[in-house]
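# What the coordinates show
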Amino acid sequence: MSGNERSRLLGAAVDEELARALGRVVESVDGGKVADGIPELADVDPDRFGVSVASVLGRVYGAGDTGVGFTIQSASKPFVYAFACETVGTDAVHRSVGVEPSGEPFNAISLDELGRPENPFINAGAIVTTSLVPAADAEERFSRIHEALSRFAGRELDVDEEVYTSEADTGHRNRALAGLALAAGSLATDDVDSATDPYFRQCSLIVTTEDLALMGATLANGGVHPLTRDRVVGERAARDTLSVMATCGMYDRSGSWAFRVGMPAKSGVGGGIVAVRPGEFGVGVFSPPLDEAGNSLRGVAMLEELSARFGLHMFDHLRVPASPVGSATVDEGTRSVTLELRGELDFLAAEQVVHDAGRLVEHVDARTLRLDFDDVTYVSEVAERLLRATAAAAEEAGLDVQFPGAPEGIDPGIR
């Protein structure tokens, strides 16, 4: 059997697992109400249901209505927030919008003591975030946002013009929220329409569950799209976005979501939810009927199912971390110890290297310590500092420390 055939079989197995999970949710969850605050959304087929998963390695799996387009609505908010942070800086963004859970519905009037919306995911905060994208007018602002969200998806997204018109015609409360933010000094433009019109358009972009999964995987991958390899935003913007998604993404249900599902996520009244397992993958689900909080009823149940059955909760502790030491060699004749390191060296891995090296050096009364980097793929900044400090202390004590094979570009600077 060829490698491609094995890969297809493994992919089919994942698809089948997702299909079984989707079937269980269909059998057990019914009810909800399709959004009708935006007239065009009231005509969506309530029986549509799909789920997609995209790994940071670029593999995509799915079941159900994965190719059906729907408007992204509020699931656009994390990506606009990430783009704003990347464009003008996180500090500048948070002079105008906070990061605290509001504990209130998505369209609530919610300003903190500084006159800022509580977070970028309630409507008031999202409109302020949209206004922060630098532009000469509403058209240019949306053009920049459109390009950014298309890069997150890995393809150019279209606008559902009928939904946009419906949103613009009925968006009086959102204009009022923008006016309140303007009066409080947090809106980045003195023209309410220059903020709300791009916001209505960004919410009207058409996506599929596969698009949402890849957009989530881009955040999971530190801002790099797993297929196009395009760096859409920097690691800091991606990390900050996931942090706010974890605490504020599901509105006044964010606490129960963190407890039951444990993945950063963001919902939209179009029936979509994007969820992220940081460092691993993104998930996109779509089912139009909503619960009382405005989140997809079956979408929430599907993500609860995946979290419970596949161990996706971010606070699950499923295994002992893989050892960063592939092998250890002791030469008692030369009184030397060699540790062959492997994989990614973060704080935990570096701490284990230091512990293992110290134990072996003491055991054989070694005079030479060699840390072989031939199989190391990445060294984090904190691991560099820890290894550098350990090497300096060891050399002061008379131990010869060597670092053969430290790869170019991840040299910890301690050779």
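Residues numbered from 1 in each chain as written. Predicted model: local features only at pLDDT ≥ 70, side-chain atom pairs only at ≥ 80, totals over all residues. Heavy atoms only, no water.

## Quick notes on the overall build of the protein
Tallying secondary structure elements over the protein gives 14 helices and eleven strands in all. Seen through its principal axes, the protein has C-alpha atoms that stretch 85 × 55 × 35 Å. For the protein, buried positions account for 53% of its 415 residues. Of all intrachain contacts in the protein linking residues separated by at least 6 positions in sequence, the fraction that spans at least 24 positions is 68%. When the accessible surface of the protein is split by element, carbon and sulfur atoms take 49% of a total near 18500 Å². The distance from the centre of the 36 positive side-chain charges to the centre of the 65 negative ones in the protein is 3 Å. (Helix = DSSP H or I, 4+ residues; strand = E, 2+ residues; numbered from the N terminus. Buried < 20%, exposed > 50% of the residue type's maximum accessible area, 1.4 Å probe, protein only. Contact = heavy atoms within 4.5 Å. Areas by Shrake-Rupley, 256 points an atom, 1.4 Å probe, with all protein chains shown as cover. Lys, Arg positive; Asp, Glu negative; His and termini not counted. Charge placed at Lys NZ, Arg CZ, Asp CG, Glu CD.)

## Side note on the domain arrangement of the protein
With domains assigned, the protein is organised as domain 1 (14–310) and domain 2 (325–414). Averaged C-alpha coordinates put domain 1 and domain 2 at centres separated by 44 Å. (Domains from an automatic or database assignment.)

## A closer look at the environment of Ser166
With respect to the helices, strands and loops of the structure, Ser166 is situated in helix α6 (residues 161–170). Once the C-alpha coordinates of Ser166 and Arg116 are considered, the two residues, 50 residues apart in sequence, prove to be 28 Å apart. Each residue touching Ser166, except ones within four places of it in the same chain, is listed here: Ile38, Pro39 and Glu40.

## Side note on the nonpolar core
Judged by nonpolar contacts, the single largest core of 55 residues is most densely connected at Leu149, Phe152, Leu212, Met215 and Leu219. Considering each element in turn, this core owes the most residues, seven residues, to helix α2 (residues 77–88). If we skip the residues at most four places from it in the chain, Leu212 touches Phe70, Ile72, Ala75, Val207, Gly272, Ile273, Val274, Gly284 and Val285. If you look at the next biggest cluster of nonpolar residues, it comprises 26 residues, including Phe49, Trp257, Val261 and Val283. (Core = buried A, V, L, I, M, F, W, Y, C linked by side-chain atoms within 4.5 Å.)

## What to know about the sheet that holds strand β1 (residues 50–55)
Read from one edge of the open sheet, five strands run β2-β1-β7-β6-β5, paired in antiparallel fashion. On the outer flanks of this sheet lie β2 (60–64) and β5 (265–267), each paired with one strand and no other. The mean angle between the axes of side-by-side strands here comes to 10 degrees, regardless of whether they run parallel or antiparallel. Two strands pair when backbone bridges link them, and β5 and strand β6 (residues 272–277) are joined in this way by three bridges, in the antiparallel orientation. Note that in β6 the partner of Ser267 across the bridge is Ile273. On the sheet, helix α12 (residues 297–310) packs against β1, β6 and β7 (281–286) and is oriented at approximately 145 degrees with respect to β7. (Pairing = 2+ DSSP bridges. Axes fitted to C-alpha atoms, helices over the stretch in contact; angles between N-to-C directions.)

## Describing helix α13 (residues 347–364)
One full turn of an α-helix is made of 3.6 residues, so residues set three or four places apart face in the same direction. Here α13 contains 18 residues, and its C-alpha end-to-end distance of 26 Å stays within 8% of the 26 Å for a straight helix at 1.5 Å per residue. Buried residues of α13: Ala349, Ala350, Val353, Asp356, Ala357, Leu360, Val361 and Val364, and no others. The buried side chains of α13 occupy one side of the element, clustering within an arc of 130 degrees when seen end-on. Projecting away from the buried face of α13 at angles above 90 degrees are the exposed residues Glu362 and His363. Taken together, the buried residues of α13 touch β8 (325–331), β9 (336–345), β10 (368–379) and α14 (381–396). Capping of α13 at its N-terminal end is provided by Asp346; its side-chain oxygen lies 2.9 Å from the backbone amide nitrogen of Ala349. Downstream of α13 by one or two residues, Asp365 has phi in the positive range, about 50 degrees. (Expected span 1.5 Å × (residues − 1). Arc of directions from axis to C-beta. Polar contact = N/O pair within 3.5 Å; in protein donor to acceptor, adjacent residues only side chain to side chain.)

## Some points on α12
For α12, with 14 residues, the first-to-last C-alpha span of 20 Å sits near the 20 Å given by 1.5 Å per residue. For α12, the set of buried residues is Arg298, Gly299, Val300, Ala301, Met302, Leu303, Glu305, Leu306 and Ser307. Looking one or two places after α12, you find Gly311, whose phi comes out positive at around 65 degrees.

## Examining the environment of Asp211
For Asp211, the position within the fold is in helix α9 (residues 209–220). By relative accessible area, which is 4% here, Asp211 ends up buried. With near-sequence residues (within four places) excluded, Asp211 lies in contact with Ala153, Arg155, Leu157 and Ile206. Separated by 2.7 Å, the side chains of Asp211 and Arg155 make a polar contact.

## As for the side chain of Asn123
Among the secondary structure elements, Asn123 is positioned in helix α4 (residues 123–131). One polar contact links Asn123 to Lys77, side chain to side chain, over a distance of 2.7 Å.

## Points about the UniProt feature "binding site: substrate" (unreviewed entry) in the protein
Look at the UniProt record and you will see "binding site: substrate" (unreviewed entry) annotated at Ser74, Asn123, Glu167, Asn174, Tyr199, Tyr251 and Val269. Turning to its location among the elements, Tyr199 is positioned in helix α8 (residues 192–203). With residues up to four places along the chain from it excluded, the contact list for Tyr199 reads Ser74, Lys77, Asn123, Ala126, Ile127, Thr130 and Asn174. (UniProt positions renumbered as here; feature names shortened; annotations may be inferred.)

## Describing the sheet that holds β8
To summarise the sheet geometry, strands pair through backbone hydrogen bonds and adopt either a parallel or an antiparallel arrangement. On the basis of which strands lie adjacent, the open sheet formed by four strands has the order β8-β9-β10-β11 and mixed pairing. Each edge of the open sheet is held by one strand with a lone partner, namely β8 and β11 (400–402). Ignoring which end each strand starts from, the neighbouring axes of this sheet average 15 degrees apart. Sitting on the sheet, α14 touches β9, β10 and β11, and the angle it makes with β10 is about 170 degrees.

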